[in-house]
Structures are given as C-alpha cells and as structure tokens.
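# Structure at a glance
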Amino acid sequence: MGKIYNMVREQVEDEGQDDELLDFVSEGDDDINKLEPPVQLDSSFPNAVVISGVPKVNQAKFDRLLSVLSKLIDKNGENEKEMPYNAEGTETMGVLFVTFTSPEVAKAAQEALDGMSLDKKHTFKVIMMDEFQRVVDRQDEFVPQQTVSSFSRHDFRDWLKDKKCREQLLLRYQSETEIYWHDTTVGEPVLCYGGEREKRNKKIWCDWKVQWSPLGSYLATFHQQGVLLWGGPEFTRKARFTVKGQQVQQIEFSPNEDFMVTWNGNPALSVPPDEHAVRFFRVLTGECVRSCRTPGFAPLGGEFPHFLWSHDGKYFAECSEHNITVRDSETFEVLKDEDGKKKSFKFPDLATFQWSPKDNVLAVWTLEKDNNPAKLTFIEVPSRRELASRARTQIKASIHWQSEGDYLCLINTKLSKTKKEGATNLEIFRFREKNIPVDVVEAKDNVRGVFWESKGHRIAVLTHDEAGHRPMMFIYELTKEKCEKICEFSMPSNSYNQVYWAPGGQYFVAAALGQGDLLFGGIPDNKLEILHKDEHFMLTDVMWDPSSRYVITAVTQPLQNNSLSSFKYSMEAGYAIWTFQGRLLYRQQKEKLYFVAWRPHPPPILSEKKQLEIKKNIKQYSKRYDAADEKAKDLARNAFKREREEKTSKFMAVLDRLRDYKEDREQENGWDETYAEFMASKGWESVDETIEEQVDVVEEKIQ
C-alpha cells in the first residue's frame, strides 16, 4: 500500500468515518514529498481601490450619496462600487470599495481621487486595495523606516593616503559647514567639501552643530529630526538616527565608534519624566539599542556627558551620589557580582570617577563625611577587584590621568576646620608598578592647573601666589627612581591658564584663554626652550593637529545668537594656523564662527618600536618629503609668477590701446601740431644737471 493510502486510512479510523471513502483513494506507492505543490490562489486585487473619508449616512440617504460619488468616480472609467454598512446595519462605515476594469485605470483613478475634497469636512484618502492590509496592520507607535541597514567602511581612511600628507580641518560658520585641506604650499586652506551636493539638491547639509567622531571616521551633523553621519572621500551620507520629540542637544561616541549616545537636553527631574531623553544607537545599523531618562549626575561636572566609556568601548558607566553603575555594551545589562546578581558599585558620598585611558580600571574619588575619610580607589572591571586605595582627611581634590594610563595625579589642597585652603600637594600614583606607589610633590604656591605631557613622563604645573601674582610654570619628570623638577619658568603675565601639549609630546603651547596671550615652547632633552611669544585677542580655543606639526587658535562664539557671550566674541571671530614653533602661517576673520577643529586620526598601525625607529632616522625620510615640498612650492611660485605676468600683460595691452587711441584723436583734430607750436613759442630749453652727495665714509685698515 502507498503512503498516501495508509495516511488517509489512519485519518478515517481516527475520526470514525465511513470506510467507503477509501474507495476513492489511490493505492499507489507515491512519496508524498514528490507530489506537485498545491495551486496558489491569487489573493491580490490590482483593479480595486479603497476610498476613505466618505460621509457616514443612514439607509435613507444611501442612494443619494452614492449618486453624488458616482459622478466624481465614473469620470475615471467603468467601475463597480460597494459601500458597506456597520455591524448594526444602521449607518455606512465611511468607506467605499471601487473595482475598475484594469490595474492601469485603477492606478490612474487612485492618483486623481486621492486628496479630493467632497466638502469642508470630508476629504478623500484613496489607496490601492493591495496596500490596504499593510496600512491596517501598521503599528500605533511610529517606527522610523530604516533607510540604511548597514554600510561599508572600506573608504573611511582614504583621506589619510593624501600624497601631500595634509591634514583636514572643519569650519562651521554662519550657515556654512566646510572641510578644508591644510596645504602649506598654497599658503591657505584648500576647500575639500562644502556641501555642494546638498546645495544643488536644495537641501541643508547641517541645521545646527557639527562634530567629528573620535577616530575621524565620521562627521556628525545635527538636524531637527535627529543626527546624520557622513563619511568617505565625498562625504556621502552613511547613517541616519531619527530622534522623535525634542532636537538632539549633545552626542557622544564610544571610543571605538561602535555606538553613539544622544541627549535631547531634558533634565533629570523633568515633569513628566522623559523615558527617551538619552538614546544609544548602534552606528553601523542605526538601531536604537537602549533609551533611558537623563541621569541625575554628570561625573565630570556640567550638564554632559552622563556616561563615561572604557578605553575599548566594552563598558560604560553612570553614577549617582552613592553608586556607580557599569553596563556591558554587548548586552547593555548591569554587570553581575560574584554571586551572579546585577549590582552597582556602592560608594558613599561619591564625588567623581574616571576610566583609565588604557585599562578597564575605574579611579573613584569619594568625599570625606563624618568619621569616614576621603578616599581614592582603583577598581578593576569586570572583576570588581580593588587594586589599591588611599585615604585622606581634610582636603579637597581632583584627579588627572596621564594619556597612557601610566600615572594618575591627585591634586589635594589642605582645608582647615573653617574650610580655608592651605598647602597644595601633587600625589602622583605609579599605576604600572607593584602596589601602586606614590610620589609627592609639594607646591609652595596656589596651583592653577596641572597638564600631563601626551605619551610622555613629564607634567607641567602652573602656579601663582596668594595675591594672584608671580605666575610660574614648573615641569617635573618621573624617572624610575623619583619625580624630579627639571625646569621652572616665570611666565610673562598672570593671564596664562592652560598648557596644551602636542599629541606627540615634547612641544607645548601655554595660552591665556579669554585674554589672548600665547607662548610656544619645547623641552627637548629636558631643556626648556621658549620658541615664540604672540597674541590672539580674546582667544577661546587652542587645538594641536594630530601630527603635532600645526596649531589652530580661534575665537568662536556660541550658536545661541541671543546670548551675551555670542555678542561678546562676534567682532573677533576667526582663526589662525601656526607651526609648532610659533610661526604664523594663516589668519582669517570669520563672521559668526561657531566651531573649528582638526580631523582626528585613528591610532597608528605601526608598533612603538617601528615608530621609534622612524623618529630616530627622521632625517633620511624627511629628505624625500622636503624635496617634494620644495618642488610643490616652486610650482606654486611659478604659477603665481605666470598669473602675475599674464595680468600685467593684459593691463599693458589696455594702456597701449589707450595710447594709440589718444594719438589718433590728436592727429585727427590737429592737437599734436598745435601743442608742438605752443612749446616752440615758449623757447624752453632742456638742461640736464648731475648732483652728487656724499652719504657716508667708512675707513678700514687693510692688513
């Protein structure tokens, strides 16, 4: 017996049906999997449309309404109509189904009738019948359509292959957003992209703020509907992050650029609470993976950021006044303790915390209260192991990591019982050494700020006396044995309040933000060299380029044009580009300059050993690039010379034409003969005289 026959017989026996049914079943040994597939019925209605927005009427007015509708609809072709009643049969449902003779006619009718007004209260909304089910099944909550599921990042580093080794810089001013190449051979920045594609399509490239991602892969532009990311050689749109409700005020990327955090500016205590004030997006897909209220505490002070990321982007942390909550960026769940329970880190009277720049370690500073001293604690994540802790009493303090995570500086100032400030000490924790030993540096004057050398072992300290005078800069170096002072320098004025080290170390710029004084210096071989002193009036920003070759100084104004500071800086808005030695390369005033920044670099792919080798033999490599630079400069000079000669030739040609025209007119009117007769009648003679004057006499004895 065949498998089909046995299957039917078992079904008949189970249901207790008449065995005569088996007489109609084949006894063949066909395999059921070899049967032809069942016939698929066509469930589409390509000739039909659905018209909503039709008046609802009772049975007495049905025929009259249908007659009115027919006059409008029949113009589009022969059709059949059906206007259903509600379940009670007392009134129509306000919907009309119309079937035309062909899909083409139905589509034309849909386009013609959609949006047509029957009267002031009734406007037709017409869709194809096949679209009706999709509209009915639409979710009540709006879900933005994902326009980019994912994108390739193969060309995001192409700008680093520039043959001239140029840097890129971003300008946001007035209504413009522009990216420039910094080209020293030309003598001024060269426009790379300024939104020309969007302007041709009558679109706005940026509504508000702009921001580079931390590795320079993306340019983020702020819009009313959300945030857009741009990348690649042509700055094409790569991702769109739609944020419903208020406009995004701030964004933050994870260090590896896998995630982007947006904040709409709603405070933690907003009423009603905003459960979507903060959103976490996955950059590659645009997916919103988490949303939450605004945390009530910003660990670095100010309004933003509320979350701090670990150096590798695996974890992010937020805090309150008494605990730190760390989450895994893969699951976005709170880290579990040794018992497998999701649990925050408890720290009574928490002041602040910071991640190590190179390790998944938290440095936590808690305040002194009652009988509990202030404490600095190092916590390893995710193991929750306490690496070290140091307790202090009657002090106020701040923590500062070195860029490589090798050291942490704790600036602590002694407080009396009346909270009067006393002596200040710098405690430098050697994080890489066993038990994390501490070096203590006593500052005799008030400390204005400490500034770690990038990728180095030196730290600069700005101080002044109690009266605010006698400004000094001290530079200390951490050797294997101790922390020693290698130089001190009396600052030219008391206005200096910041020191910016070059990304590669060794060189620095001391600046007076808000004033304008600039001091370019370096410390090769632990010998301080002051290279140049200058000024950029009302200075607000100082930025080294990632290669440590150039510095931008700028005066920018806030985007809120109604603010007092916006008016304050509007007259001086502009930027300047300097070499690391302080030589001015370019300066330009820019009205309403809101933002200027170099494009960040990703980490180098060369090993530290290879980088040191290149630095050691830099002269061998620089010869080739110096020759290329000199060639480019010669080409630029020759081009300028040719352009000047062409303009001069054109100008002289105009003068020649004018001279010929003048001579022709003089001959035609007899002016030249009259002028010659006039000069002859005067009897003037031309006399040449030579006058010699002795300017100076120098006598030298020749031996």
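Below or above, wherever it landed, is the structure these notes cover. In this text the structure is predicted, and so the values were computed from the model without any measurement.

### Side note on helix H9 (residues 671-682)
Spanning 12 residues, H9 covers 17 Å between terminal C-alpha atoms, matching the ideal 16 Å at 1.5 Å per step. Along H9, only zero of the 12 residues are buried, which leaves the element largely exposed. Just past H9, the residue Gly683 takes up positive phi, approximately 70°.

### Observations regarding the environment of Phe151
Residue placement: Phe151 occurs in the loop between helix H4 (129-136) and strand S7 (167-173). Residue Phe151 is classed as buried on the basis of its relative accessible area of 13%. For the pair Phe151 and Lys343, spaced 192 residues apart in sequence, the C-alpha to C-alpha distance is 36 Å. If near-sequence neighbours (up to four positions away) are discounted, Phe151 is found in contact with Phe156, Tyr218, Lys238, Ala239, Val283 and Leu284.

### Details of the sheet that holds strand S8 (residues 176-182)
Taken in spatial order, the four strands make up an open sheet running S9-S8-S7-S42, and their pairing is antiparallel. The sheet is open, and its two edges are formed by strand S9 (190-193) and strand S42 (593-598), each paired on a single side. Adjacent strand axes in the sheet meet at a mean angle of 30°, parallel and antiparallel pairs treated alike. Examined bridge by bridge, S7 and S8 share seven bridges and lie antiparallel to one another. What sits directly across from Gln168, in S8, is Trp181.

### Examining empty space enclosed by the protein
Taken as a whole and judged by the stated rule, the model has one cavity of 30 Å³ or more. Reported here for the largest cavity is a volume of approximately 50 Å³. Lining the largest cavity, in full, are Arg448, Leu462, Thr463, His464, Pro471, Met472, Met491, Ser493, Asn494 and Tyr496. Looking at the lining of the largest cavity element by element, the count peaks at three residues for strand S31 (residues 458-464).

### Comments concerning the sheet that holds strand S33 (residues 483-490)
Pairing is antiparallel across the open sheet formed by four strands, whose spatial order is S30-S31-S32-S33. If you trace the sheet from one side to the other, it starts and ends with strand S30 (446-452) and S33, each paired once. Sheet twist, expressed as the mean angle between neighbouring strand axes with direction ignored, is 20°. Two strands pair when backbone bridges link them, and S31 and strand S32 (residues 472-478) are joined in this way by six bridges, in the antiparallel orientation. Pairing of Ile459 across the sheet is with Tyr476, part of S32.

### Here we look at the side chain of Arg166
Along the chain, Arg166 turns up in the loop between H4 and S7. For Arg166, a relative accessible area of 18% puts it in the buried group. In this view, Arg166 contacts Trp181, His182 and Asp183; residues no more than four positions away in its chain are not counted.

Procedures and definitions
- Going along each chain's sequence as written, the residues are numbered from 1 onward.
- In keeping with the model being predicted, local features are shown solely for residues with a pLDDT of at least 70 and side-chain atom pairs are shown and tallied solely at 80 or more, while totals for entire chains, interfaces and linings include all residues.
- With hydrogens and water set aside, each side-chain value is computed from the structure's full complement of heavy atoms.
- Helix numbers and strand numbers start at the N terminus; a helix is a DSSP run of H or I with at least 4 residues, a strand a run of E with at least 2.
- The length a helix should cover is 1.5 Å for every residue beyond the first.
- Exposed residues in this analysis have more than 50% of their type's maximum accessible area, buried residues have under 20%, and partly exposed residues fall in between, with area computed by a 1.4 Å probe over protein chains only.
- In this description, contact between two residues means that some pair of their heavy atoms is separated by no more than 4.5 Å.
- Here, strands pair whenever DSSP counts at least two bridges between them.
- For helices, the axis comes from a line fit to the C-alpha atoms of the stretch in contact; other axes are also lines fit to C-alpha atoms, and the angle between any two N-to-C directions lies between 0 and 180 degrees.
- Cavities and pockets are found on a 1 Å grid laid over the protein atoms alone: a cavity is a set of points where a 1.4 Å probe fits but cannot escape, a pocket is an open set with protein on both sides within 12 Å along at least five of seven lines, and a lining residue has an atom within 4 Å of such a point.
- Grid points are joined across faces, edges and corners, and a volume is the space filled by probe spheres set on the points.

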